Amino acid sequence: MDQQPIPNPYEQYPNGYQRPYYHAPMQQRKPIGFAVAALVLGLVSLVGICCCINFVTAPLAIIFGIIALVQKQRGTGMSITGIITATLSLIAVLICFLAFAELVPYAEDIASDYERVIVEADEIFPEYEETGELPEFLTKYLEDPYDSWLDKYDIDIYDIMDVLLVEYKNGNLSFESYNDGFYYSKEFHYGTGNGVITLLPPVTP
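Residues numbered from 1 in each chain as written. Predicted model: local features only at pLDDT ≥ 70, side-chain atom pairs only at ≥ 80, totals over all residues. Heavy atoms only, no water.

**Q** I'd like a description of the nonpolar core, backed by residues and values.
**A** The nonpolar side chains of a soluble globular protein tend to be buried with one another. One finds Val117, Phe125, Leu134, Leu138, Ile157, Met161 and Leu164 to be the most contacted residues of the largest nonpolar core, which totals 22 residues. Of all elements in the fold, only helix H4 (107–119), helix H5 (121–131), helix H6 (146–151) and helix H7 (157–169) reach the threshold of two or more residues within this core. For this core, the element with the highest residue contribution is H7, accounting for five residues. When sequence neighbours within four positions are dropped, the list of residues in contact with Val117 reads Ile124, Phe125, Phe137, Leu138 and Leu164. (Core = buried A, V, L, I, M, F, W, Y, C linked by side-chain atoms within 4.5 Å. Buried < 20%, exposed > 50% of the residue type's maximum accessible area, 1.4 Å probe, protein only. Helix = DSSP H or I, 4+ residues; strand = E, 2+ residues; numbered from the N terminus. Contact = heavy atoms within 4.5 Å.)

In structure tokens, the structure reads:
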């Protein structure tokens, strides 16, 4: 195979003139830092919804992603992915907030009633299983706003009591005293009809 001749840096022209041979300058690599930061923070925002850390990480991911796109840095896909995941995390939090907003004024009462159910479980559940009647302090959940809110998820207070009754029989509703309070370490997830009951035991440190 014939070898290609090495180009002469000075090409010869008539009358003794020489034209310099120039190499094309190497293009400088564009930075990628903001794109990577946007991607990482966006993913952290989506994963950390339950901890609400996305209130900090999501805006940063969006800002870094926009900076990377405006500056035309490398990693356009990472920048866009970071912006999308961060935005989705904020939308998810907003949806959850809107879903529970109407019950926020009653959150303390709900937590207090749930704690009372756990504390008085040995009295409440045997009677409920025998008669099918709710304790008097829980009858308010048959009225608005509680009933209308539960109806959105196709459940009612009786569905919740049935789930708790099963857990009571399985011995999962025990409590431990700690600093004159009660804490519960178990989280229950149940499907009921077309709705989902998620019981988050309160924690008193």
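Moving on from the coordinates now.
**Q** Lay out the packing of H4 against H5 in plain terms, naming residues and giving numbers.
**A** The geometry of a pair of packed helices is captured by two quantities: the angle between their axes and the separation between those axes. It is the contact of H4 with H5, at a shortest axis distance of 5 Å, that shows an interaxial angle of 85°. In terms of axis orientation, H4 runs roughly perpendicular to H5. Contacts between H4 and H5 involve Arg116, Val117, Ile118 and Val119 from the former and Ala121, Ile124 and Phe125 from the latter. (Axes fitted to C-alpha atoms, helices over the stretch in contact; angles between N-to-C directions. Parallel < 35°, antiparallel > 145°, perpendicular 65-115°, else oblique.)

**Q** Which residues make up the environment of Phe64, and what values do they have?
**A** Within the secondary structure, Phe64 is located in helix H2 (residues 54–70). Exposure remark for Phe64: the relative accessible area of 23% places this residue in the partly exposed category. The contact partners of Phe64, leaving out residues within four places of it in the chain, are Phe34, Ala37, Ala38 and Leu41.

**Q** Outline the side chain of Asn54, listing residues and values.
**A** Mapped onto the secondary structure, Asn54 falls in helix H2. Among the polar contacts listed, one links the side chain of Asn54 to the backbone oxygen of Ser89, at a separation of 3.2 Å. When near neighbours in sequence (up to four residues on either side) are disregarded, Asn54 contacts Ser45, Gly48, Ile49, Pro59, Ser89, Leu90 and Val93. (Polar contact = N/O pair within 3.5 Å; in protein donor to acceptor, adjacent residues only side chain to side chain.)

**Q** Describe unusual backbone geometry, listing the residues and the values that go with them.
**A** Excluding glycine, residues mostly carry a negative phi; peptide bonds, for their part, are mostly trans. The omega torsion of the bond from Asp144 to Pro145 falls at 5°, within 30 degrees of zero and hence cis. Turning to its location among the elements, Pro145 is positioned in the loop between H5 and H6. At Lys72, a residue that is not glycine, the phi angle is positive and equals roughly 55°. Locating Lys72 in the fold gives a position in the loop between H2 and helix H3 (76–100). The backbone of Asp154 sits at a positive phi, close to 60°, despite the residue not being glycine.

**Q** Could you give me a rundown of the packing of helix H1 (residues 33–47) against H3, with the residues and numbers involved?
**A** At a minimum axis separation of 7 Å, H1 and H3 run at an interaxial angle of 25°. Considering their axes alone, H1 and H3 lie roughly parallel with respect to each other. Two packed elements cross with a definite hand, and for H1 against H3 that hand is left-handed. Contact residues: Ala35, Val36, Ala38, Leu39, Gly42, Leu43, Ser45 and Leu46 in H1; Met78, Ser79, Thr81, Gly82, Thr85, Ala86, Leu88 and Ser89 in H3. (Left-handed = near helix turned anticlockwise from the far one by under 90°.)

**Q** Residue-level account of the packing of aromatic side chains, with values.
**A** Counted under the stated rule, the structure contains five aromatic pairs. With a centroid separation of 5.2 Å and an interplanar angle of 25°, the aromatic rings of Phe125 and Tyr168 are classed as stacked. One end of the pair, Phe125, is in helix H5; the other, Tyr168, is in helix H7, and 43 residues separate them in sequence. These aromatic residues form a ring-pair network of at least three members: Tyr106, Tyr141 and Tyr146. Of note, Arg116 hangs over the ring of Phe137, and the distance from its end group to the ring centre comes to 4.1 Å. (Phe/Tyr/Trp six-rings, centres within 6.5 Å; stacked < 30°, edge-to-face > 60°. Lys NZ or Arg CZ within 6 Å of the ring centre and 35° of its normal.)

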